[in-house]
Structure formats: structure tokens, C-alpha cells
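# Structural description and commentary
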Amino acid sequence: MSVSVTPKAARQIRKALDQRGGGFGLRVAIKTSGCSGYAYALEFAETPSPDDLQFESEGVHLLVDAKSLPLVDGTELDWVREGLNEGFKFNNPNATANCGCGESFAV
Amino acid sequence: MALLQIAEPGRAAAPHQHRLAVGIDLGTTNSLVASVRSGLPTVLADAGGATLLPSVVHYAPDGMVIVGSEARVLALRDPQNTIASAKRLIGRAPADIAPGSLPYVIQPLGPSGVGVATRAGVKSPVDVAADVLRVLGQRAEAALGGPLVGAVITVPAYFDDAQRQATKDAAQQAGLTVLRLLNEPTAAAIAYGLDTASEGVYAVYDLGGGTFDVSLLRLERGVFEVLSTNGDSMLGGDDFDACLVRWFCSQEPAIEWDGRDAAALNAAARRAKESLSTGTAVTMACERHDGLLVQAHVTRAAFEVETKPLVERTLGPLRRALRDAGIKPDGIDGCVLVGGATRMPQVRQAVTDFFGRAPHTEIDPDQAVALGAAIQADQLAGNRAVGDAGLLLLDVCPLSLGIETMGGLAEKVIPRNTTVPTARAQEFTTFKDGQTAMAIHVVQGERELVSECRSLARFTLRGIPPMVAGAARIRVTFQIDADGLLSVSASEQTTGVQTHIEVKPSYGLGHDTVAQMLRSAIDSAESDAAARLLREAEVDARRLLDAVDGALGADESLLLPREQFAILCAMQDVADLLETCADGEAAEPAAQKALRDDLRRTTDALNAATTEFAARRMNARVRAVLSGRSLDEIAS
């Protein structure tokens, strides 16, 4: 059971935390109700809560709540540039289909 | 794929809701509905797992409306109350339908439509299409679990305005919101284009149940441009069935068949045809209405010989489409096969031979159109982020659109082959002094004279403030929406009065008519030009006559008696010539040119005769303005 980030993503997460003025790490969460059933959410995390599982990857603290973990297990978070856009992209082995907008996925 | 950003705790944006939208392939023989689910377009099946819905509607004695394969079975027993291939009738006039070609009773309905007399009353093709669409809509809502935002419905590429409008009406009747009508070949290209994402020029060969369409599309940086379309709206898989029926009947000339057997024969032929796509021989069996079972052995080779003329009929439109687009068969980067009839090996072979390459067949030819429509519907419903695989579709208007100007001349506002949607505006002015209304006559065609073009609509702009001729500025705007429907508006620029019309022609243009109109425009380019120049000279002459007439009335006192006589003579000469123009209507370009030269000579003479008079009027005006005023007053 793990979630990881690429070195590029880690650099961006650290940069974002610095700009924000600190924080414990990054929360990777799953919300229901998107086009394809589930949607990703990325939030800054202040403190871990009791149901959280913690991972460390490339020196970054990642928090995933227990309910979300089965859906994102094995996911690698990458930072990519597409045209003028840049942002985080999920490489989730559990997702069987992504919706056209990429915000949500199905398992 | 959208990229994510990190949000503050608890502030992550809620994912957007998926809006349910479907693509519907409303076919002649079968219809399908598809939707994008989890990013993938999929065809939606009914409760029994069937995806194809036969476009057959049966009106039962108890008032029930039965649609689909059940109706197709009932067609055997009750052909008169079962309507199949209604798409062939949509937007058509009774004269277009060959007698005896359909097993049910056709009768005129309204000014230019047809209806089928059934026990549930006379049903128009729109009613039948609406019944099919309603079933597909219900199927989609059941499968997707919610109400639909809208649907993209496909139509053959050269459905004319009346047929497109009828399709929209049917959807409305079925309670569906039409996001857009989409050309079937374009839909198929979308289905393929997104999957393979290769750029180039593609031919779409769509041999459906009742229609044959060929379109050349250019796909470039995600933009589809329709280069040309061609086809035959009376050729399809049904004709292959009919061919097989004729062959079958000719095998046993002693056995007689009548109208009651038509549906059974068609069904038997369809079964035989379908199995011949995989097998090499089949026994075709059909039970006559009195129970007599007739059988015949048919081999694929025999079937291919019988249907060779039909396959060859598809090659003509293919060549014409290439010629229109100015492309050689080897300039095509790929060919896409659409329509169940393209499963027939002889069709595939013919296309392969024509282009010298094997066509694309990765997507089920029955489903490609519906899948493409679903992708488009997904985008139009707003389920795809802007700029994310943003697909733009460009179609062209086949003939120029314009308005009638003085002298019966057609002034083009939107030239042919302009990509739609489009809007163009042009300014026009009044012809007579004090003119307060203007009739706008919208015409379609390439010819110079309105009488040779097709009239689409007429309306009048009223409330133009009285001004001298040529001072009013009337802006006429033509707008063609993405469905190819035209709206025209006219507004007077100083007062802002305006009027507007939606053009829904009562009858439309078939492909042949368009081609014929273009040919005649090319053939008669010379005579058109001569006619136009003559008309322009006439308009000028008439304007001059009006002006002189007005001047004579206003300043008769300034005329010298001798001068007056000369002017009246010159006016008479011009008026006589205009008379000749009006009733003679010189047909030959040479005669028209002679007439125009005469007109020019007499109008020049009239101008010369009035020169001194005009100068005196001018002087009198200036004197009237200047007299009794100091230089300072005037300078300020």
C-alpha cells in the first residue's frame, strides 16, 4: 500500500508549501460524484488525522485517508506541462477509465 | 486531461457534474443511441442487450405504438400498418416516390409532404421518426439513469433544409433537445479521428440501409473541414435486398407474389444477404402469404453478379466528390467505411480497388456514426474542458445566398463554399426619393438574374425615414447556424428599425439540383454577364429618367422652350428603349449588348440635353442660398 510522487512533482509540492508559508504535506483525497464516479482532490495538509495513512516519497509527506486508499493505491503523482498548462497528473493503476476532462475516473 | 492544482484544506473544487447527452444515428433501416461514459463513447443497449433498433414503427389495433424488432416482425403480418424506411419519405413530395416501391399506402399530406394511411390515422414521416427517437431517448435515460440534457442527431450529408428541419421537428415531438444536427460522415470521422488522431484527407464511404453518402473531409489540427459531399439518396442496403428479391422471384417464374408478400420477401433477402457476408452460399427461403414455402440456393458469386450495378453506382458519386474537392484517389490518406451494407465483401473490394488501399474498418460500421455523434454531444453538453481536444466542425454552404436588387439582379451576400456557421452583412440603399420600405427577397444560386435563382423567402423592411434615393443605409445580415439553417435580418442604420426572418424553405434542394444549378451557372456565365450589364444600364436609365422628371417638375420656370422640347424628345428615346428592354427581353448576349449600347447612347444624349438646364438649376440654388447674406455669415 503506497502512494508516491515523482521528483518533479516533489519539487513543485515543496515550492507550493514554501509559497504558502508552511504546512505538513499534501493530502490526496478521493471525492465521489464526477463524470466517471470518482474525482481526485489535492489539498495542503496541516496535521494528520487519526484515519490518515502517511507516506513519504521524495522527501514529501503525503496523507491519504483510509477510505480513499484502495482507490489510489500504487498511484504516482507527476507534474506535467501540457501546452500552456501545467499541473499534477495522476498515474493511477486502479483507474479503468478517465473521463474526458480528466477530473474523474472509474475503477 | 485536465491537470490538478493543490487547494487549501477543504477548498478543493467539487468535480463538475456529468451532463447526460447522447448521440443518435437515426438511420433508414436501423437507429442507434450512444453516449460517452467514463471518457469512452459506447453504444447503449436496450434491456435485452440489443443495440440496433430497427427504424420500424407498427401501429397496433389497440392503439399501442410498437417500435423496433417487434415491429419488424409484425411488418410481415400487417405491412399496411407498419412503417419502415420512413427516412426515405421525410421532407419528400409524393411525386418523388415510385409507385409500388413501398408496401404501404402513400398519400399526399399538406402542401408538399407525404403521409402513410394507417389504422392510427395518417402518419407523417416526422411522426414515425419521432416514435423511433422517443424509444431511443427512453433507452438512453434508462441506461444512463437520468434525464438527458440533449442529443446530437445525425442526418445524411446532403439532406436539404426541409429534411433537416423535419428531423429537428421529429426530435422536438419526441421530447428531445437537439444540441445539433451532424452530418453522418462527419460523425463517423469524429469516431475515427479522435481514436487515431492522424491528420490528412479522408473519404467516408457510407452505404447505409437507404442512403449512400460519400464525403471528403480534411482533418487538420483537430479541425474537420468538409471538402465535398456527394451520394445517392435512393441507394442503400435495401436496394441490395430488393435486387435479391427480384432474383429470387425470377428463379421460379411460375410462382406469383403480391403486395402482401413484400415484407416477407425483404426479410428473407436481408437474412440471405447478411449470411453471404461471411459464408459463400446460403439457401434463401420465403413463405408466401398462403403458406407456400419457396426456396432457392444463392451463392455469393451469383449475388455479386446481381448486385454489381449497385456497387458500381456508388463509384460515380465517389469520383464526383473527388473531382469537386480537386483530389485524386491516391491523394486520400484513408477511407472509412460506414453503414451495415459495407460489410458486404464486394463493397469492400470495390472501395479497395478504387483507392488502391484497404479502407478502415476498426469501428463497427453500424456504430461509427452514433459513436461520433456521442462524442460531439458530450462536447456540446459541456462535459469537456475548453481547449481539451477542442473539436471544431466546419461545413460549407453549397450555393451562394444573396438578395434581389433593382432590375432583378442577384447580389451575393454569402458566396458558395463558405464554411458555416457564418454571418455576413452588406449595406444596401434606397432606389427612389422618399422610399420608406424595402422588399428583401432572399435568393439562392450562382446566376446573375434572380429569375434564374431559387427564391427562399421574402420580407419587407418598413419605417425607413424618407430620404433622397441612395441616402438610406440598410444593413442586411445573413446568418447560417451550425445546422445550416439561414436567418436574414435587415436594419436601417440611422433609425435602427429592423426586421428579421428565419428561412425554412418548404422544399429543399437535392444534390442533383445543386449540381445542376452550378452547371447552368457555368454554362451561362457569358449570357448572364450580358444580361446583368443590360439590367444595370436599365436601372441607371430609369434612375436618370426619374431625376430629370423630378427636376422638370420642380424648376420648369428655368427651362427655355427649345430646350424643353429637346429634353422631352431625349426622355422619350430612353423611355422607348426601356420599353423594348421590358417586353423584348433580348435573349442573345449580342442583342443584349446592342440594346445596352443604345441605352447608353440615349442616356448620354439625355444627359447632354439637360446639362445647361442642370447648370442653371445649380446657379439658381446657389443664388437662393447666398442672396441677402453677408460674406461673414456665409463663411461662418
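Residues numbered from 1 in each chain as written. Chains lettered and ligands numbered in written order. Predicted model: local features only at pLDDT ≥ 70, side-chain atom pairs only at ≥ 80, totals over all residues. Heavy atoms only, no water.

Once that is clear, we can look at the overall build of chain B. Counting its secondary structure elements, chain B contains 14 helices and 28 strands. Classification of the 636 residues of chain B by burial places 50% in the buried group. Residue pairs at least 24 apart in sequence account for 65% of intrachain contacts in chain B once pairs closer than 6 positions are excluded. Of the roughly 28900 Å² that chain B leaves accessible, carbon and sulfur atoms contribute 52%. (Helix = DSSP H or I, 4+ residues; strand = E, 2+ residues; numbered from the N terminus. Buried < 20%, exposed > 50% of the residue type's maximum accessible area, 1.4 Å probe, protein only. Contact = heavy atoms within 4.5 Å. Areas by Shrake-Rupley, 256 points an atom, 1.4 Å probe, with all protein chains shown as cover.)

A separate point is the pattern of salt bridges. Residue and element names in this part refer to chain B. Enumeration over the complete set of coordinates arrives at 22 salt bridges over all chains. For Glu538, the salt bridge is made with Arg542, and the minimal N-O distance between the two is 4.0 Å. Of the two residues, Glu538 and Arg542 both sit in helix 11 (residues 525-554), 4 residues apart, roughly one turn of that helix. For Arg542, a relative accessible area of 31% gives the class partly exposed. Lys593 is the partner of Asp597 in a salt bridge, and the nearest nitrogen-oxygen pair spans 3.4 Å. With a gap of 4 residues between them, Asp597 and Lys593 both fall in helix 13 (residues 589-626), about one helical turn apart. In this structure Asp597 comes out as partly exposed when scored by relative accessible area, which is 32%. A relative accessible area of 44% places Lys593 in the partly exposed class. Salt bridges sharing common partners tie together Arg88, Asp238 and Asp239. (Salt bridge = Lys/Arg side-chain N within 4 Å of Asp/Glu carboxyl O.)

All names here are of chain B. A sheet is described by the order of its strands in space; here 4 strands give the open sequence 21-20-24-25, paired in antiparallel fashion. A single partner strand is all that each edge strand has here, and the edge strands are strand 21 (409-414) and strand 25 (454-461). For this sheet, the mean inter-axis angle between neighbouring strands, taken without regard to orientation, is 30°. The sheet contact formed by strand 24 (residues 438-444) and strand 25 spans 7 bridges and is antiparallel. Looking across to strand 25, one finds that Ala439 is bridged to Thr460. (Pairing = 2+ DSSP bridges. Axes fitted to C-alpha atoms, helices over the stretch in contact; angles between N-to-C directions.)

Within the chain, Glu58(A) stands out as a residue other than glycine whose phi angle is a positive 55°. In this fold, Glu58(A) is placed in the loop between strand 4 (52-57) and strand 5 (60-65). Looking at Glu58(A), the relative accessible area reads 43%, which means it is partly exposed. Look at Ser85(B): it is not a glycine, yet its phi comes out positive at around 50°. Considering the arrangement of structural elements, one finds Ser85(B) in the loop between strand 7 (82-84) and strand 8 (106-109). Its relative accessible area of 11% is what places Ser85(B) among the buried residues.

Now for empty space enclosed by the protein. Residues and elements named next belong to chain B. Here the structure, examined in full by the defined rule, presents 2 cavities of 30 Å³ or more. Volume-wise, the largest cavity comes out at about 80 Å³. Residues that form the lining of the largest cavity fall into these classes: 6 nonpolar, 2 polar and 1 charged. Considering only enclosed or pocket space, the second largest cavity measures out at about 40 Å³ in volume. Taken together, Leu26, Lys87, Ile90, Thr154, Val155, Phe159 and Thr167 form the lining of the second largest cavity. Partitioned by chemical class, the residues of the lining of the second largest cavity number 4 nonpolar, 2 polar and 1 charged. (1 Å grid on protein atoms, 1.4 Å probe; cavity = no way out; pocket = protein on both sides within 12 Å on 5 of 7 lines; lining within 4 Å. Points joined across faces, edges and corners; volume = space filled by probe spheres on them. Nonpolar A, V, L, I, M, F, W, Y, C, P; charged D, E, K, R; others polar.)

Here the focus is the confidence of the model for chain B. All names here are of chain B. Of the residues in chain B, 85% have a pLDDT of 70 or more, and the chain-wide mean is 81. Contacts for the low-pLDDT stretch residues 385-391, under 50 throughout, to residues beyond four places or in other chains number 11 contacts. In the predicted assembly, ipTM is 0.71 and pTM is 0.57. (pLDDT = per-residue confidence, 0-100.)

Attention now goes to the packing of helix 5 (residues 237-251) of chain B against helix 7 (residues 300-325) of chain B. All names here are of chain B. It is the contact of helix 5 with helix 7, at a shortest axis distance of 10 Å, that shows an interaxial angle of 135°. The angle between the axes of helix 5 and helix 7 places the two elements in the oblique class. The element helix 5 and its partner helix 7 pack so that their crossing is right-handed. Across the interface between the two elements, Asp239, Phe240, Cys243, Leu244 and Trp247 of helix 5 pack against Phe303, Glu306, Thr307, Leu310 and Val311 of helix 7. Taken together, the residues of the contact of helix 5 with helix 7 break down into 7 nonpolar, 1 polar and 2 charged. (Parallel < 35°, antiparallel > 145°, perpendicular 65-115°, else oblique. Left-handed = near helix turned anticlockwise from the far one by under 90°.)

What follows deals with the sheet that holds strand 5 (residues 56-59) of chain B. Residue and element names in this part refer to chain B. Strand order in this open sheet of 3 strands is 6-5-7, and the pairing throughout is antiparallel. With partners counted over all chains shown, the strands left at the sheet margins are strand 6 (65-67) and strand 7, one partner each. On average, each strand axis in the sheet is inclined to that of its neighbour by 20°, with strand direction left out of account. Looking at chain direction, strand 5 and strand 7 are connected through 3 bridges and run antiparallel. If you follow Val56 over to strand 7, its bridge partner there is Ala84. Against the sheet, helix 2 (residues 125-144) makes contact with strand 5, strand 6 and strand 7, and its axis sits at roughly 105° relative to strand 5, the strand it touches most.

A surface patch of nonpolar side chains, amounting to about 350 Å² of accessible area, comprises Met618(B), Val622(B), Val625(B) and Leu626(B). By the secondary structure assignment, Met618(B) is in helix 13. (Patch = residues over 30% accessible without salt bridge, like charges linked within 9 Å, V, L, I, M, F, W, Y side chains within 5 Å.)

Glancing now at the packing of helix 7 of chain B against helix 8 (residues 345-355) of chain B. Residues and elements named next belong to chain B. Where helix 7 meets helix 8, the closest approach of the two axes is 9 Å, and the angle between their N-to-C directions is 40°. Here helix 7 lies oblique to helix 8, going by the angle between them. In terms of crossing hand, the pair formed by helix 7 and helix 8 is right-handed. Residues Arg300, Phe303, Glu304, Thr307, Val311, Leu315, Leu318, Arg319 and Leu322 of helix 7 form the contact with helix 8, whose participating residues are Pro345, Gln346, Val347, Ala350, Phe354 and Phe355.

The subject of this paragraph is a positive patch on the surface. On the surface, a cluster of positive charge is made up of Lys8(A), Arg11(A), Arg14(A) and Lys15(A). Among the structural elements, Arg11(A) can be located in helix 1 (residues 7-20). (Lys, Arg positive; Asp, Glu negative; His and termini not counted. Charge placed at Lys NZ, Arg CZ, Asp CG, Glu CD.)

Right, let's talk about the nonpolar core for a bit. Residues and elements named next belong to chain B. Ranked by internal contacts, the top residues of the largest apolar core, which has 46 residues, are Tyr205, Phe248 and Phe355. By residue number, the principal contributor to this core is helix 7, which donates 7 residues. Sequence-distant contacts of Phe355, that is, excluding residues within four places in its chain, are made with Ala203, Leu318, Leu322, Pro329, Ile332 and Cys335. Core analysis: the next-biggest nonpolar cluster, separate from the first, contains 37 residues, Ala86, Ala140, Ile153 and Ala170 among them. (Core = buried A, V, L, I, M, F, W, Y, C linked by side-chain atoms within 4.5 Å.)

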